[in-house]
Amino acid sequence: MMNKVENNKAWFLVLPMLLLVAFSAIIPLMTVVNYSVQDILGRSAFFVGSEWFVQTLNDSRLQSALMRQFAFSFTILAIQVPLGIAIALLMPKKGWQASAVLILITLPLLVPWNVVGSMWQIFTRGDIGLMGYGIRQLGYPYNITRNASDAWITIIIMDVWHWTPLIALLCYSGLRAIPEAYYQAAQIDRASKWAVFRYIQLPKLTNVLVIGVLLRFMHSFMIYAEPFVLTGGGPGSSTTFLSQTLATMAIGQQDLGPSAAFSIIYFLIILAVSYVFYVTIMNMQKDKADNISGGA
């Protein structure tokens, strides 16, 4: 019998990455935790325990921003996921058309976040913007700086334009991974297009949809540059989301303790909701697989 020789030198290969993660994530996180339980006065620090967390949770401004953030995230998910699936189903599968469509649909993803806000700010202006001028010519007094509904709808449309291609590309890759034999069997059974989508395509898209939903939720819940450049959080505070509120507290007001506590609560909310999304989708996939195996 051959004796196995243990060699732990392979750990040295991942050591640079561990050091990078430590400096880029763990150490800053520990610093934030430290600030969240202390009151920083000049060069002095006083332990305050959970005082900043209680103050943050009872802050009506933060509660309003949290409600707006949830409303925005769930709205864009409800739009982008079905729209991304529909676009992926309509995209060509072969030939130069497939390559051309892939290039065109990827273009919005290449635009930097702050540039997206600047583009749409110009696009929605009533004097020089194509969208703003066109809507006003139709008789509607479109103005994102005065009308909260106009600002909200514009931000949602902007985010849908920018990030729906990500969902579409993920779904397209999932559809391309389905063996052709599945479609041939469905054709022999004379299955309808809806049956093919429900029993063949949608189950195969579950894994990529988990990735897409988690990525889009986390990013939409942390959105900052686009609405900040487009509306500045206005009119009033109607489009002021959590990230903008946090930036104002930490940078504008220099409230290090409350902003640190708010950052931790912010992180825990994203982690908890993402976990709920993941468990729910995976349980749906498991139940569907059990039903199929039980029917067989």
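All values reported here derive from a predicted model rather than from experimental measurement.

### A few points about the overall build of the protein
Okay, so step 1: Scanning the protein from N- to C-terminus turns up 12 helices and two strands.
Okay, so step 2: Across the protein, helices and strands are ordered from the amino to the carboxyl terminus as α-β-β-α-α-α-α-α-α-α-α-α-α-α.
Okay, so step 3: Expected size for 296 residues packed as a compact globule is a radius of gyration near 19 Å; at 24 Å, the protein overshoots this value by more than 25%.
Okay, so step 4: Dimensions along the principal axes, computed over C-alpha positions, put the protein at roughly 85 × 75 × 35 Å.
Okay, so step 5: Put simply, the protein has 296 residues, and 36% of those count as buried.
Okay, so step 6: Across the protein, every contact between residues at least 6 apart in sequence was considered, and the portion connecting residues at least 24 apart equals 69%.

### What about the side chain of Ser-73?
Okay, so step 1: The residue Ser-73 is located in helix H3 (residues 60-90) in this model.
Okay, so step 2: By relative accessible area, Ser-73 is classed as buried at 0%.
Okay, so step 3: If we ignore the near neighbours within four places in the chain, the residues touching Ser-73 are Phe-217, Ser-220 and Phe-221.

### Here's the deal with the packing of aromatic side chains
Okay, so step 1: By the definition in use, this model includes 16 aromatic pairs.
Okay, so step 2: Measuring from centroid to centroid gives 5.9 Å for Phe-221 and Tyr-266, while their planes differ by 55 degrees, and the two rings are tilted. Of this pair, Phe-221 sits in helix H9 (residues 193-221) while Tyr-266 sits in helix H12 (residues 256-295), and the two are 45 residues apart along the sequence.
Okay, so step 3: Looking at Phe-221, the relative accessible area reads 0%, which means it is buried.
Okay, so step 4: Judged by relative accessible area, which is 7%, Tyr-266 ranks as buried.
Okay, so step 5: Among the aromatic residues, ring-to-ring pairing joins Phe-70, Phe-74, Phe-217, Phe-221, Phe-262, Tyr-266 and Phe-277 into one connected group.

### Thoughts on the side chain of Asp-150
Okay, so step 1: Relative to the helices and strands, Asp-150 is located in helix H7 (residues 148-176).
Okay, so step 2: No salt bridge forms around the buried Asp-150; measuring N to O, its nearest opposite-charge neighbour Arg-136 is 7.8 Å away.
Okay, so step 3: Of the polar contacts made by the side chain of Asp-150, one reaches the backbone nitrogen of Asn-143; its length is 3.1 Å.
Okay, so step 4: Setting aside its immediate chain neighbours within four residues, Asp-150 contacts Tyr-140, Pro-141, Tyr-142, Asn-143 and Ile-144.

### Comments concerning the packing of H7 against H9
Okay, so step 1: H9 packs onto H7 with a crossing angle of 150 degrees between their chain directions and a minimal axis gap of 8 Å. It follows from the interaxial angle that H7 and H9 lie roughly antiparallel. Crossing angle aside, the handedness with which H7 passes H9 is right-handed. Taking contact as the criterion, the partners of Asp-159, Trp-163, Leu-166, Ile-167, Leu-170, Cys-171, Ser-173, Gly-174 and Leu-175 in H7 are, on H9, Gln-201, Leu-205, Val-208, Leu-209, Gly-212, Arg-216 and His-219.
Okay, so step 2: Taken together, the residues of the contact of H7 with H9 break down into nine nonpolar, five polar and two charged.

### Concerning the pattern of salt bridges
Okay, so step 1: The final tally for this structure, using the stated rule, is three salt bridges.
Okay, so step 2: Salt-bridge contacts for Arg-61 lead to Asp-59; the nearest nitrogen and oxygen are separated by 3.6 Å.
Okay, so step 3: Relative accessible area serves as the criterion here: at 36%, Arg-61 is assigned to the partly exposed category.
Okay, so step 4: Among the salt bridges present, the one from Arg-125 reaches Asp-127, with a minimum N-O distance of 2.7 Å.
Okay, so step 5: Under the relative-accessibility criterion, Arg-125 is labelled partly exposed at 39%.

Cut-offs and rules
Residues numbered from 1 in each chain as written. Predicted model: local features only at pLDDT ≥ 70, side-chain atom pairs only at ≥ 80, totals over all residues. Heavy atoms only, no water. Helix = DSSP H or I, 4+ residues; strand = E, 2+ residues; numbered from the N terminus. Rg over C-alpha atoms; globule rule 2.2 N^0.38 Å. Buried < 20%, exposed > 50% of the residue type's maximum accessible area, 1.4 Å probe, protein only. Contact = heavy atoms within 4.5 Å. Phe/Tyr/Trp six-rings, centres within 6.5 Å; stacked < 30°, edge-to-face > 60°. Lys, Arg positive; Asp, Glu negative; His and termini not counted. Salt bridge = Lys/Arg side-chain N within 4 Å of Asp/Glu carboxyl O. Polar contact = N/O pair within 3.5 Å; in protein donor to acceptor, adjacent residues only side chain to side chain. Axes fitted to C-alpha atoms, helices over the stretch in contact; angles between N-to-C directions. Parallel < 35°, antiparallel > 145°, perpendicular 65-115°, else oblique. Left-handed = near helix turned anticlockwise from the far one by under 90°. Nonpolar A, V, L, I, M, F, W, Y, C, P; charged D, E, K, R; others polar.

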